[in-house]
Every structure is written in C-alpha cells, then in structure tokens.
Amino acid sequence: QVQLVESGGGLVQAGGSLRLSCAASGRVFSIYAMAWYRQAPGKEREFVARMTRDGRTDYLDSLKGRFTISGSIDHVYLQMNSLEPEDTDVYYCNAFATAQEFWGQGTQVTVSS
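Residues numbered from 1 in each chain as written. Predicted model: local features only at pLDDT ≥ 70, side-chain atom pairs only at ≥ 80, totals over all residues. Heavy atoms only, no water.

S.K.: Just checking my understanding: could you explain the pairing of strand β8 (residues 75-80) for this structure?
M.R.: Consecutive residues of a regular strand have side chains that alternate between opposite faces of the sheet. Side chains Val76, Leu78 and Met80 project from β8 onto a buried face, and the interleaved His75, Tyr77 and Gln79 project onto a face without burial. Where strand β7 (residues 67-72) lies against β8, 6 bridges are found, and the strand directions are antiparallel. Following the sheet pairing, Ser72 is matched in β8 by His75. Where β7 hands over to β8, the hairpin turn is made up of 2 residues, counted between the paired strands. (Buried < 20%, exposed > 50% of the residue type's maximum accessible area, 1.4 Å probe, protein only. Helix = DSSP H or I, 4+ residues; strand = E, 2+ residues; numbered from the N terminus. Pairing = 2+ DSSP bridges.)

S.K.: Help me understand the packing of aromatic side chains in this model?
M.R.: For any pair of aromatic rings, the description rests on two quantities: the centre-to-centre distance and the angle between the ring planes. Tallied over the entire structure, the rule returns 2 aromatic pairs. Aromatic rings pair up to connect Tyr37, Phe47 and Trp103 into one cluster. If you follow Arg19 out to its NZ or CZ, it ends over the ring of Tyr77, 3.8 Å from the centre. The positively charged end of Arg45 is found above the aromatic ring belonging to Trp103, 4.6 Å away from the centroid. (Phe/Tyr/Trp six-rings, centres within 6.5 Å; stacked < 30°, edge-to-face > 60°. Lys NZ or Arg CZ within 6 Å of the ring centre and 35° of its normal.)

S.K.: How should I be thinking about the state of the cysteines in this particular structure?
M.R.: In this structure the tally under the stated criterion is 1 disulfide. Here Cys22 engages in a disulfide with Cys93; their sulfurs sit 1.9 Å apart. With the S-S dihedral at roughly -85°, the linkage between Cys22 and Cys93 falls on the left-handed side. Pair noted here: Cys22 is in strand β3 (residues 18-26) and Cys93 is in strand β9 (residues 89-97), with a separation of 71 residues, a long-range link. Per residue, the accessibility class of Cys22 equals that of Cys93, and both read buried. (Disulfide = S-S within 2.5 Å.)

S.K.: Explanation requested: the pattern of salt bridges in the structure shown.
M.R.: Side chains that differ in charge, positive against negative, can pair when their charged atoms come close. Following the criterion strictly, the structure yields 7 salt bridges and no others. Notably, a salt bridge pairs Arg38 with Asp89, separated by 3.5 Å at the nearest N-O pair. Note that Arg38 is positioned in strand β4 (residues 31-39) and Asp89 in strand β9, a separation of 51 residues in sequence. The exposure classification of Arg38 matches that of Asp89, with both residues buried. Linking Lys64 and Asp61 is a salt bridge whose minimum nitrogen-to-oxygen distance equals 3.5 Å. With relative accessibility at 61%, the residue Asp61 sits in the exposed group. Here the salt bridges share partners, and the residues they tie into one network are Arg38, Glu46, Arg66, Asp87 and Asp89. (Salt bridge = Lys/Arg side-chain N within 4 Å of Asp/Glu carboxyl O.)

S.K.: Would you explain the side chain of Glu6 in this entry?
M.R.: As for its position among the elements, Glu6 is in strand β1 (residues 2-7). For the buried Glu6, which has no salt bridge, the nearest side chain bearing the opposite charge is Arg45, at an N-O separation of 7.4 Å. At 2.8 Å, the side chain of Glu6 and the backbone nitrogen of Cys93 are in polar contact. Leaving out residues up to four positions away in the same chain, Glu6 has contacts with Ser21, Cys22, Trp36, Tyr91, Tyr92, Cys93, Gly104, Gln105, Gly106 and Thr107. (Lys, Arg positive; Asp, Glu negative; His and termini not counted. Polar contact = N/O pair within 3.5 Å; in protein donor to acceptor, adjacent residues only side chain to side chain. Contact = heavy atoms within 4.5 Å.)

Next up, the structure:
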C-alpha cells in the first residue's frame, strides 16, 4: 500500500508560479514512477508530467518549458511557471508501483486572469 499527499495548490494570478508537492509513504520501495495529472470538473483526467525511479522525465508537449517535475521517487514536485487561466484544475499525484497505481486526493490550482 502507498499513500500520497499533495500540497502547494492555491490561487495565483496569470503569469505567476506555484510549486506542488507530493509525499509518498508506505511501500515506497515498490514505486517505479511518480506522475502528475490534472482534471477540471466534468473533464477527463489529463497527464501532465512523469518521473521514473532512474530520473527520466516526460511531459505533456504543450507544457514543456513551463512545468518541471523534480525530486525523488518518494517526494516529487511540480514547478509551474507562467501560469495561465487554462491551467486551473485539480492536480493529482500518481504513483505507479510494481502491481498497481495509487492516487492522492488532489490539490486545487486556480489561475485568475
């Protein structure tokens, strides 16, 4: 079992920055990759960024240059710069483990124009 806790969301003006944090606990040794997703009400959950245990990263193409994933396999961050109103979503931390996936409860990011 893996537990994930996100933090760092909030209200920010367009052009501003936020840094999200996700702390993993439990069977951390089983985690292969950590990722961030986001979801607006009534919309599909969208992939944002991923980091594997060996440090490789992957991003949604449209977010490259603005969002950066970093940290360790049990504590991952998402640095978000030049935020736009379209980035307003609940952001979820995801852990891909040996045999299953785990999700955090989400943290709200709201970007005002």
